Each structure stands twice: as structure tokens, then as C-alpha cells.
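# Chains, contacts and geometry: an overview
Spelled out from the first residue to the last, the chains are:
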Amino acid sequence: GKVSSLLVPWATYTDPEVAHVGEYEHDLKARKVVFDVYKKEFKDVDRSIVDSETQGYVKILTVKGKDKILGATIVGSDAGSMISELTLAMQSNIGLGKIASVIHPYPTTAEAIRQCGDLYNKTRLTATTARLLRNILAYRRS
């Protein structure tokens, strides 16, 4: 049979809601795919704190060292609505780093998605900065 390339998100409207799109962490491990995990707990998101809805998280899996999103899971209030942003990003090949540059209304729970993008950009910036410093030091020594 023909394999579908459709990217289909799902949501379970329990309390808290659970939503997912793309690959699962356990499947990636079973296939020995190396990946990074970026996770933001709602207890650290201003809107969730104000609404007293601090249970849950946003977890995004990317290709190791890259911002290509492999999968995402959201557990918490409005998870079913929030998963669409990540589905669109995956469908359109928009990386996690680019999501960090999207202005989200403040305060919203979707801010947690942008904050995961910030976490990715911090790792990238660190590697870039280290490489730049190595090059400057090598130049000075020559």
C-alpha cells in the first residue's frame, strides 16, 4: 500500500487536555534516531499562573543540533487548540528557532511554544559564540 505523508495531529479532551503531532519520543529511541527535547512547564508561563492552570507542559522534539521539528506533545488547558501552531510549522518546514521570533499575544499559554523556541536558540547561540571565540583566539595566536 501507499504510505501517507499527511501530518495528522490528535487531541484528547480530558482534564488536562493532551495533544500530539508527529513522532513520539519512544519511537525515535527505538529507531535509534538522535534528537533534542525542548520542554516548557506551564508552571513557568505567566498566563497559566494567572489562570491557576499550571499543570502540564509543551514538549518539542527536534533533529539533534537542528531546529527541524520531529514531533510535539502538549499537556494542559487548551492543548487541543495550541497543537495547530506546531502542526503548521511542521507542515511548512518552519523550524523551532523561527517560532521563537513569532510574536505571541501576552499573556497566553501559547507563549510556552515560543519559549521552547527560545530554549533552542540559546543552545544555538552558545555553539555559535564558542566557535566565534575559538576563531578569534586562533587568529590572535597566528
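That block above? That's the structure.
This structure is a prediction, so every number in the text was calculated from the model and none was measured.

## Description of the pattern of salt bridges
- Counting across every chain of the model gives 9 salt bridges.
- In this structure, K59 engages E25 in a salt bridge whose closest nitrogen and oxygen atoms are separated by 2.8 Å. Here K59, found in strand 4 (residues 57–63), pairs with E25, found in helix 1 (residues 25–30); they are 34 residues apart in sequence, far enough to count as distant.
- When its relative accessible area of 22% is taken as the criterion, E25 is described as partly exposed.

## Topic: the pairing of strand 2 (residues 18–22)
- Bridging between strand 1 (residues 10–12) and strand 2 involves 3 bridges; their strand directions are antiparallel. When the bridges of strand 2 are listed, T12 appears paired with V18.
- Hairpin connection, strand 1 to strand 2: the antiparallel pair is bridged by 5 residues.
- Examined bridge by bridge, strand 2 and strand 5 (residues 69–75) share 5 bridges and lie antiparallel to one another. Counted as the bridge partner of V21 is A72 from strand 5.

## As for the sheet that holds strand 5
- Sheet architecture is open: 5 strands sit in the order 1-2-5-4-3, paired in antiparallel fashion. The open sheet has two free edges, formed respectively by strand 1 and strand 3 (35–41), since each of these has just one partner strand. Here the strands of the sheet are splayed against their neighbours by 10 degrees on average, with no regard to which way each runs.
- In the packing of helix 3 (residues 79–91) onto the sheet, the strands contacted are strand 1, strand 2, strand 4 and strand 5, and the crossing angle to strand 5 comes to about 175 degrees.

Calculation criteria
- Residues numbered from 1 in each chain as written.
- Predicted model: local features only at pLDDT ≥ 70, side-chain atom pairs only at ≥ 80, totals over all residues.
- Heavy atoms only, no water.
- Salt bridge = Lys/Arg side-chain N within 4 Å of Asp/Glu carboxyl O.
- Helix = DSSP H or I, 4+ residues; strand = E, 2+ residues; numbered from the N terminus.
- Buried < 20%, exposed > 50% of the residue type's maximum accessible area, 1.4 Å probe, protein only.
- Pairing = 2+ DSSP bridges.
- Axes fitted to C-alpha atoms, helices over the stretch in contact; angles between N-to-C directions.
- Contact = heavy atoms within 4.5 Å.

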